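So you can see what is in the structure, the chains are spelled out below.
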Amino acid sequence: MFPAVINCTSIDWFHEWPEEALISVSTTFLEDLDLLEEEYKPSVAEFMAYVQLTCNDKSKQYLANDRRYNYTTPKSFLEQIELYKKLLGLKHNELQQKMDRLLNGLLKLQSTSSQVDDLKAKACLTRN
C-alpha cells in the first residue's frame, strides 16, 4: 500500500453531543457575559442546545431527502455561542446609542421649552 498516505491522514469522528453537554458548554461560555442578566442565562443556554439539536435533525432530513451532507460539529456550536455574544454586544451598543440620542433630544426639548417660556415672559413685559 501507500504508508505515507496512511501516516499523513487523520480521520475526524464527530459524534453528536447530548443535550446536557450542550447546555453545560453554553452555560460555561455565557457565565462571563455581563450584558445578559443571570435570570436569562439558563434559558438562553437551553435554547442554544435546542438550536444545535434541531440543526442536527434537519441535517439528517437533508441527507435523507437530497443525499447531501451538512455537518454540525462542536466547533460550529462554539461559533454559534461566539456569534450570539458578538451580536448581543453590537445590539447593546446600538441600543445604548439610541437611548443617549433620545435623552439628548429630550434635554434639548426641555431647554428649548424653558427658553420659549422666558421669551414669552419678556414679550409680555415689553407689551405692557
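Our subject is the structure listed above.
Peer 1: Is there a simple way to explain the packing of helix 2 (residues 19-30) against helix 4 (residues 74-127) in this structure?
Peer 2: In helix packing, the relevant descriptors are the interaxial angle and the interaxial distance, both defined with respect to the helix axes. It is at 11 Å that the axes of helix 2 and helix 4 come closest, and there the two elements cross at 35 degrees. Relative to helix 4, helix 2 is oriented so that their crossing is right-handed. Residue-level inspection shows Leu 22, Val 25, Ser 26, Phe 29 and Leu 30 of helix 2 in contact with helix 4, the latter providing Phe 77, Leu 78, Ile 81, Glu 82, Tyr 84 and Lys 85. Here the contact of helix 2 with helix 4 is built from residues that sort into eight nonpolar, one polar and two charged.

Peer 1: Just checking my understanding: could you explain the pattern of salt bridges for this structure?
Peer 2: For side chains bearing opposite charge, pairing can occur when the charged atoms are close. Counted by the stated rule, this structure contains five salt bridges. For Lys 60, the salt bridge is made with Glu 16, and the minimal N-O distance between the two is 3.0 Å. Residue Lys 60 is located in helix 3 (residues 41-66), and its partner Glu 16 is located in the loop between helix 1 (3-7) and helix 2; the two are separated by 44 residues in the primary sequence. Classification of Lys 60 by relative accessible area gives partly exposed; the value is 47%. Among the residues examined, Glu 16 registers a relative accessible area of 45% and is labelled partly exposed. Across the pair Glu 82 and Lys 85 runs a salt bridge, and its minimum N-O distance is 3.7 Å. With a gap of three residues between them, Glu 82 and Lys 85 both fall in helix 4, about one helical turn apart. Taken together, the salt bridges that share partners define one network made up of Asp 32, Glu 82 and Lys 85.

Peer 1: What should I look at first to understand the packing of aromatic side chains in this one?
Peer 2: The description of an aromatic ring pair rests on the distance of the ring centres and on the angle between the ring planes. Scanning the model with the defined rule gives three aromatic pairs in all. The interplanar angle of 70 degrees and the centroid separation of 6.2 Å between the aromatic rings of Trp 17 and Phe 77 together place this pair among those described as edge-to-face. Of this pair, Trp 17 sits in the loop between helix 1 and helix 2 while Phe 77 sits in helix 4, placing them 60 residues apart in sequence. Taking relative accessible area as the criterion, Trp 17 reaches 27% and is therefore assigned partly exposed. Looking at Phe 77, the relative accessible area reads 0%, which means it is buried.

Peer 1: Even after reading the chapter, I still don't get the nonpolar core, so can you show me in this structure?
Peer 2: Nonpolar side chains in soluble globular proteins generally cluster together in the buried interior. Counting ten residues, the largest nonpolar core consists of Leu 22, Leu 30, Leu 33, Leu 36, Val 44, Ala 45, Met 48, Ala 49, Phe 77 and Ile 81. For this core, the elements supplying multiple residues, two or more each, are helix 2, helix 3 and helix 4. The biggest single contributor to this core is helix 3, with four residues. Not counting chain neighbours up to four residues away, the residues in contact with Ala 49 comprise Glu 19, Leu 22, Ile 23 and Phe 77.

Peer 1: Looking at this structure, how should I read helix 4?
Peer 2: Since the α-helix advances by 3.6 residues per turn, residues separated by three or four positions end up pointing in the same direction. With 54 residues, helix 4 extends 79 Å between its outermost C-alpha atoms, agreeing within 8% with the 80 Å of an ideal straight helix rising 1.5 Å per residue. Phe 77, Gln 80, Ile 81, Lys 85 and Gly 89 are the residues of helix 4 that are buried. Against helix 2 and helix 3 lie the buried residues of helix 4.

Rules behind the numbers
- Residues numbered from 1 in each chain as written.
- Predicted model: local features only at pLDDT ≥ 70, side-chain atom pairs only at ≥ 80, totals over all residues.
- Heavy atoms only, no water.
- Axes fitted to C-alpha atoms, helices over the stretch in contact; angles between N-to-C directions.
- Helix = DSSP H or I, 4+ residues; strand = E, 2+ residues; numbered from the N terminus.
- Left-handed = near helix turned anticlockwise from the far one by under 90°.
- Contact = heavy atoms within 4.5 Å.
- Nonpolar A, V, L, I, M, F, W, Y, C, P; charged D, E, K, R; others polar.
- Salt bridge = Lys/Arg side-chain N within 4 Å of Asp/Glu carboxyl O.
- Buried < 20%, exposed > 50% of the residue type's maximum accessible area, 1.4 Å probe, protein only.
- Phe/Tyr/Trp six-rings, centres within 6.5 Å; stacked < 30°, edge-to-face > 60°.
- Core = buried A, V, L, I, M, F, W, Y, C linked by side-chain atoms within 4.5 Å.
- Expected span 1.5 Å × (residues − 1).

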